[in-house]
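Structural overview for review
Next come the chains, spelled out residue by residue.
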Amino acid sequence: MGRQNFDETDLPNTFLDRGSVFEMGRTCYRIWNGHLIQRIRLKKHRESHWSLSILSASASLCNFFLPILMCRRLPPSEIGNFKIFFLYLGLLPVLCLGTGFVNGTYYWGTSSRDGQKKNLAGFQISILLSLVAMAVVASAGFIEEAVAYSWLFALSIPPVVAGGIYEASLVASGRTQKAAWFNLSFEFLRAVAMFNALYFHPSLSLILWAHATSSWLKLLAGAFGLFRFGSFKVPERKIVSEILIYAGPVSLASIFVLLVQNVDRYLLAFLLNKSEFARSEEHTSELQSRLHLVCRLLLEKK
């Protein structure tokens, strides 16, 4: 038998096409490299979530033990002042349209130049409205009767009105992890500052000072972060009108929701003295509703 000759064309083209082999190797490398990078990202993601969870749990623990320690270190009248202080402070974001500005940040976004201008303008308008509210609180005499430490109450207005706009802009731009770090860091700072003030120097004014100082630090950090959208300058009239048209109805709806949810608390703060208001939660545990206590007090005044 003679020697059989094989033609190269009889072999599969895959083994002879060096370009195909190269492409196959490069594809395998990309798959392996992409899988490795994905594992690294997932590992970093898991680690950062653990750190965020620890930070959040620490702040929650401080907030949990704060009222317990307060009951042991402060008289009932001061506890009542503390509750009324933050009860009325919760009204300011909706009265100064801060709720509408925060929701508007998600609405108009941060990717476009127009959205960035609206974020800056919303922050400026919220600061302006909060300064007007500060002037009203400082000049109105009836607020001093309703809220103790009215000057600290006025000082706490700008942070509670405009402090959430930068965090909302981070979420709107997709940087949710940075937003969580920003919020939890200052929440942890506020909780620790208030807890230490109560533990070492049991005074309501120092507790409120700790709250106001940490809130202002958060506001200033947020203002610095908003500089990436541009410098602060007088916004255009068209942008201001668009912002107010959106923020006005949203804040108005939030006012009604807040009043419906807390109408019993506002009535009790008006009808009871500070010590009785501090103990109102104990009474409502027997009556099962604060509205029953409100009705009883209104009937007793007739």
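Residues numbered from 1 in each chain as written. Predicted model: local features only at pLDDT ≥ 70, side-chain atom pairs only at ≥ 80, totals over all residues. Heavy atoms only, no water.

**A few points about the overall build of the protein**
Our working rule: We count a stretch as a helix when DSSP gives it H or I for four or more residues in a row; a strand needs E for two or more, and each element gets its number in order from the N terminus. Remark: exposure states derive from per-residue accessible area (1.4 Å probe, protein chains only) relative to the maximum for the residue type, with buried under 20%, exposed over 50%, and partly exposed in between. When checking whether two residues touch, look at their non-hydrogen atoms; a contact exists if any pair is within 4.5 Å. Accessible areas in this description were obtained via Shrake-Rupley with a 1.4 Å probe; residue shielding takes into account the shown protein chains only.
Scanning the protein from N- to C-terminus turns up 16 helices and zero strands. Counting every position in the protein, which comprises 302 residues, the buried fraction comes to 38%. Considering only intrachain contacts with a sequence separation of at least 6, the fraction spanning at least 24 residues in the protein is 79%. When the accessible area of the protein is evaluated, it comes to approximately 18400 Å², of which 63% is carbon and sulfur surface.

**Here's the deal with the pattern of salt bridges**
Filter applied, for reference: What makes a salt bridge here is a side-chain nitrogen of Lys or Arg within 4 Å of a carboxyl oxygen of Asp or Glu, nothing more.
Scanning the model with the defined rule gives three salt bridges in all. One salt bridge in this structure joins K218 and E167, with 4.0 Å as the shortest N-O distance. On the criterion of sequence distance, the pair formed by K218 in helix α12 (residues 204-225) and E167 in helix α10 (residues 165-172) is long-range, its members being 51 residues apart. Assessed through its relative accessible area of 19%, K218 is described here as buried.

**Side note on the nonpolar core**
Counted only if it meets this: To form a nonpolar core, buried Ala, Val, Leu, Ile, Met, Phe, Trp, Tyr and Cys residues must be joined to one another through side-chain atoms within 4.5 Å.
Within the largest apolar cluster, 40 residues are counted, with the highest numbers of intra-cluster contacts made by Y88 and F153. Element by element, the count of residues in this core is highest for helix α3 (residues 76-89), at seven residues. Counting 20 residues, the second-largest nonpolar core is a separate cluster that includes W108, A121, F123 and I243.

**Concerning a nonpolar patch on the surface**
In plain terms, the rule: Residues form patches when they are more than 30% accessible in relative terms and have no salt bridge. Like charges link within 9 Å. Nonpolar side chains (Val, Leu, Ile, Met, Phe, Trp, Tyr) link within 5 Å.
Together, L61, F64, F65 and I68 give the surface a local cluster of nonpolar side chains, amounting to about 400 Å² of exposed area. Checked against the element boundaries, F64 lands in helix α2 (residues 18-73).

**Focus on the environment of K178**
Tracing the backbone shows K178 in helix α11 (residues 176-200). Take K178: its relative accessible area is 44%, and that puts it in the partly exposed class.

**As for the packing of aromatic side chains**
Worth spelling out the cut-off: Here is the rule: rings of Phe, Tyr and Trp (six-membered ring for Trp) pair when centre to centre is within 6.5 Å. Planes less than 30 degrees apart are stacked, more than 60 are edge-to-face, and the remainder are tilted.
Going through the model one piece at a time under the given rule, you end up with 12 aromatic pairs. Ring geometry for W108 and Y246: centres 5.9 Å apart, planes at 65°, overall edge-to-face. In this pair, W108 is assigned in helix α5 (residues 98-108) and Y246 in helix α13 (residues 237-271), connecting sequence segments 138 residues apart. Taking relative accessible area as the criterion, W108 reaches 13% and is therefore assigned buried. Each member of the aromatic cluster is reached from another via a ring pair, and the members are F82, F85, F86 and F153.

**Side note on the side chain of S156**
Selection criterion: We call two N or O atoms a polar contact when they sit within 3.5 Å, provided that within protein one can donate a hydrogen and the other can accept it, with sequence-adjacent residues counted only if both atoms are side-chain atoms.
Along the chain, S156 turns up in the loop between α8 (150-155) and α9 (157-162). At 2.9 Å, the side chain of S156 forms a polar contact with the backbone oxygen of L152. Apart from the residues within four sequence positions on either side, S156 is in contact with F85, L89, H211 and A212.

**Remarks on the packing of α5 against helix α6 (residues 113-139)**
Describing two packed helices takes the angle between their axes plus the distance from one axis to the other. What counts here: Inter-axis angles, ranging from 0 to 180 degrees, are taken between N-to-C directions of lines fitted to C-alpha atoms, where helices are fitted over the stretch in contact. In these notes the angle categories are as follows: under 35 degrees is roughly parallel, over 145 is roughly antiparallel, 65 to 115 is roughly perpendicular, and the rest is oblique.
One way to put it is that α5 packs onto α6 with a least axis distance of 10 Å and a crossing angle of 175°. Looking at the two axes, α5 sits roughly antiparallel to α6. Residues F101, T105 and W108 of α5 lie in contact with α6, whose contacting residues are G115, K118, N119, G122, I125, S126 and L129.

**Focus on the packing of α10 against α11**
Keep this limit in mind: Handedness of a helix crossing follows the sense of rotation of the near helix relative to the far helix, less than a right angle counterclockwise being left-handed and clockwise being right-handed. Under the grouping applied here, Gly and all other residues not named as nonpolar or charged are polar, the nonpolar ones being Ala, Val, Leu, Ile, Met, Phe, Trp, Tyr, Cys and Pro and the charged ones Asp, Glu, Lys and Arg.
At a minimum axis separation of 7 Å, α10 and α11 run at an interaxial angle of 160°. Between α10 and α11, the angle is such that the two are roughly antiparallel. Handedness of the crossing formed by α10 with α11: left-handed. Counted together, Y166, E167, L170 and V171 of α10 and T176, K178, A179, F182 and N183 of α11 form the full contact between these two elements. A class-by-class count of the residues in the contact of α10 with α11 yields five nonpolar, two polar and two charged.

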